[in-house]
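Letter by letter, the chains look like this.
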Amino acid sequence: TEYTIPYDSETILLLAPKVGYQLTEQMQLGIVLNYTHERVNMHSTFNEYYFRNPEFEGNCILRGNALAIAPYLRYDFAHFGKFTAFVEAQASLGFVFKPAITIRTTGLEQNIDTTFKTDTKLFSFGFSVVPGLNYKFSERISMDLYLDIVSLGYQYNSITEQEVLEPGSQESRYRESSFYF
């Protein structure tokens, strides 16, 4: 089952330093360390789904951090001045740290401001092959442009969570696999 929950705003901070070693003139081997922090504000969605009383208003903020490690192998197949066309194979392994949910409610007779630490665990594994272009600013500094629109890959996600608003509730597990291109 696939569903989408609308939100008011989303802020994502992504840091992904990449380090590689030139094996030959056409082959590179390296690793990407990816850190992501995400914050989603669901003010109107939270009110629409949870509080149907017009005197009662709420806000829900979801926050989470993720870490992924992705080794890669790159093959350069064409050079055009400072531009190089390449194809890159990458495997990724990712984990999500314990996300937090902050719920603020106002109205009626009380104000509530609660932060829940969830028992959500996410593990992901993926493999992809993607073409791209590299632009060399200097001998040691370059910029990559990935053409994800024509990528080929596989992604596996395993999610284990426990309902945070109902302590003692049963644990839910979701597993999904997908091929994409």
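A brief look at the structure comes next.

## A closer look at the overall build of the protein chain
- When you go through the protein chain residue by residue, the secondary structure sums to one helix and eleven strands.
- Ordering the α and β elements of the protein chain from the N terminus gives β-β-β-α-β-β-β-β-β-β-β-β.
- Counting only residues that meet the buried cut, the protein chain has 27% of its 181 residues in that class.
- Restricting the contact set of the protein chain to residue pairs at least 6 apart, pairs at least 24 apart contribute 60%.
- Carbon and sulfur atoms make up 59% of the accessible area of the protein chain, which amounts to about 12,700 Å² in all.

## A closer look at the pattern of salt bridges
- Applying the stated criterion to the full structure yields four salt bridges.
- The salt bridge partner of D144 is K18, with a shortest N-O separation of 3.3 Å. Of this pair, D144 sits in strand 9 (residues 142–146) while K18 sits in strand 2 (residues 18–22), and the two are 126 residues apart along the sequence.
- Overall, the relative accessible area of 30% leaves K18 in the partly exposed class.
- The partner of E88 in a salt bridge is R74, and the shortest N-O contact between them spans 2.9 Å. Of this pair, E88 sits in strand 5 (residues 83–96) while R74 sits in strand 4 (residues 56–80), placing them 14 residues apart in sequence.
- In this structure R74 comes out as buried when scored by relative accessible area, which is 3%.
- In this structure, a network of salt bridges that share partners links the residues K18, R74, E88 and D144.

## Concerning the packing of aromatic side chains
- A full pass over the atoms with the stated rule returns five aromatic pairs.
- Residues F95 and F123 carry aromatic rings whose centres are separated by 5.7 Å and whose planes lie at 50° to one another, so their mutual orientation is tilted. Here F95 is found in strand 5, whereas its partner F123 is found in strand 8 (residues 121–136), with 28 residues between them in sequence.
- Classification of F123 as partly exposed rests on a relative accessible area of 29%.
- Clustering of aromatic rings is evident, with ring pairs tying together F83, Y135 and F137.
- The ring centre of Y72 lies 4.5 Å from the NZ or CZ of K18, which sits over that ring.
- Positioned over the ring face of F86 is R74, at 3.7 Å from the centre of the ring.

## Describing the side chain of D76
- Along the chain, D76 falls in strand 4.
- Although buried, D76 forms no salt bridge, and the nearest oppositely charged side chain, R74, lies 4.7 Å from it.
- The residues contacting D76, other than those within four sequence positions of it, are Q22, E25, Q26, Q28, T84, A85 and F86.

## Some remarks on the pairing of strand 2
- Of all five residues in strand 2, zero are buried, a share of ten percent or less.
- Bridge analysis of strand 2 against strand 3 (residues 27–41) gives five bridges, and the strand direction is antiparallel. Within strand 3, the residue paired with Q22 across the bridge is Q28.
- With antiparallel pairing between neighbouring strands as the criterion, strand 2 and strand 3 make up a hairpin whose turn holds four residues.

## Observations regarding a nonpolar patch on the surface
- Where nonpolar side chains cluster on the molecular surface, the patch consists of V19, I31, L33 and I69 and spans about 320 Å² of accessible area.
- Of note, I69 is situated in strand 4.

Rules used throughout
Residues numbered from 1 in each chain as written. Predicted model: local features only at pLDDT ≥ 70, side-chain atom pairs only at ≥ 80, totals over all residues. Heavy atoms only, no water. Helix = DSSP H or I, 4+ residues; strand = E, 2+ residues; numbered from the N terminus. Buried < 20%, exposed > 50% of the residue type's maximum accessible area, 1.4 Å probe, protein only. Contact = heavy atoms within 4.5 Å. Areas by Shrake-Rupley, 256 points an atom, 1.4 Å probe, with all protein chains shown as cover. Salt bridge = Lys/Arg side-chain N within 4 Å of Asp/Glu carboxyl O. Phe/Tyr/Trp six-rings, centres within 6.5 Å; stacked < 30°, edge-to-face > 60°. Lys NZ or Arg CZ within 6 Å of the ring centre and 35° of its normal. Lys, Arg positive; Asp, Glu negative; His and termini not counted. Pairing = 2+ DSSP bridges. Patch = residues over 30% accessible without salt bridge, like charges linked within 9 Å, V, L, I, M, F, W, Y side chains within 5 Å.

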